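Each chain is listed here by its residues.
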Amino acid sequence: MSLKSWAFKKSPWVFHLSAGSCNNCDIEILDCLTPRYDVERFGILLVGSIRHADILLVTGAVNRKVAPRIRELYDMAPRPCLVVACGTCACGQHMFKESYHTMEPLDARVPVSVYVPGCPPKPEALISGIVRALQQFKV
Ligand code: SF4
């Protein structure tokens, strides 16, 4: 395993983008940071800038306002950047499919590495999704 690969897997930094979620998925992400799950002990850090992130974690069904920004954010991220779709909305638009305010699904805009379905997904599922995304990482 190369140094880059080792470092990436030991400290994946995550940028969270809400693309029009109802907030429940976002709350589950925050739950991962609480003492019960404490993902920071594994080096998984939620960061405030996409320029520092290894993983783009997206929640929500991609509404019209945020749709153009998703590709911009992805292009601004350092490479490699893994994308994790969190929640059934991000995975496949859920009940908002063909709604007036939604655009094409997330994976039509950026390459999604891992889908974590659930409404909302439990913290365990989210952590498992991040681990699965890291397993796809190869340098
Ligand atoms: S998947 Fe469910 S909890 Fe998550 S944003 Fe959609 S409606 Fe809300």
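Only a predicted model underlies this, so the values are computations on that prediction, with no experimental measurement involved.

1. Section: the overall build of the chain
Stage number 1. Assigned secondary structure in the chain consists of five helices and five strands.
Stage number 2. Listing each helix as α and each strand as β along the chain from the N terminus yields α-β-α-β-β-α-β-α-β-α.
Stage number 3. Expressed as lengths along the three principal axes of its C-alpha atoms, the size of the chain is roughly 45 × 35 × 25 Å.
Stage number 4. Counting only residues that meet the buried cut, the chain has 45% of its 139 residues in that class.
Stage number 5. In the chain, once contacts between residues fewer than 6 apart in sequence are set aside, the share between residues at least 24 apart is 82%.
Stage number 6. When the accessible area of the chain is evaluated, it comes to approximately 7,400 Å², of which 57% is carbon and sulfur surface.
Stage number 7. A gap of 5 Å separates the mean positions of the 16 positive and 12 negative side-chain charges of the chain.

2. What about the site of the ligand?
Stage number 1. For the ligand, the full set of nearby residues is S21, C22, N24, C25, T88, C89, M95, G118, C119 and P120.
Stage number 2. Mapped onto the shell around the ligand, the elements with two or more residues apiece are α2 (24-31) and α4 (88-92).
Stage number 3. In the shell around the ligand, the residues fall into six nonpolar, four polar and no charged.

3. A closer look at the sheet that holds strand β1 (residues 13-18)
Two strands in a sheet stick together by hydrogen bonds in their backbones, pointing the same way (parallel) or opposite ways (antiparallel).
Stage number 1. Read from one edge to the other, the open sheet built from five strands follows the order β2-β1-β3-β4-β5, with strand pairing classed as parallel. This sheet does not close on itself; its edge strands, each paired only once, are β2 (45-46) and β5 (114-116).
Stage number 2. Where strand β3 (residues 55-59) and strand β4 (residues 82-86) come together, five bridges link them in parallel fashion. By the bridge assignment, T59 is partnered in β4 with C86.
Stage number 3. Along the sheet, α2 makes contact with β1, β2, β3 and β4, crossing β3 at roughly 140°.
Stage number 4. Relative to the sheet, helix α5 (residues 123-136) contacts β1, β3, β4 and β5, its axis offset from that of β5 by approximately 170°.

4. As for unusual backbone geometry
Stage number 1. With an omega dihedral of 0°, the bond running from R79 to P80 counts as a cis peptide bond.
Stage number 2. The topology assignment puts P80 in the loop between α3 (67-76) and β4.
Stage number 3. The linkage connecting C119 with the following residue, P120, adopts the cis geometry, with an omega of -10°.
Stage number 4. Looking at the secondary structure, you find P120 in the loop between β5 and α5.
Stage number 5. Positioned with a positive phi, H94 is a non-glycine residue whose angle comes to about 50°.

What counts, and where the lines are drawn
Residues numbered from 1 in each chain as written. Predicted model: local features only at pLDDT ≥ 70, side-chain atom pairs only at ≥ 80, totals over all residues. Heavy atoms only, no water. Helix = DSSP H or I, 4+ residues; strand = E, 2+ residues; numbered from the N terminus. Buried < 20%, exposed > 50% of the residue type's maximum accessible area, 1.4 Å probe, protein only. Contact = heavy atoms within 4.5 Å. Areas by Shrake-Rupley, 256 points an atom, 1.4 Å probe, with all protein chains shown as cover. Lys, Arg positive; Asp, Glu negative; His and termini not counted. Charge placed at Lys NZ, Arg CZ, Asp CG, Glu CD. Near = heavy atom within 4 Å. Nonpolar A, V, L, I, M, F, W, Y, C, P; charged D, E, K, R; others polar. Pairing = 2+ DSSP bridges. Axes fitted to C-alpha atoms, helices over the stretch in contact; angles between N-to-C directions.

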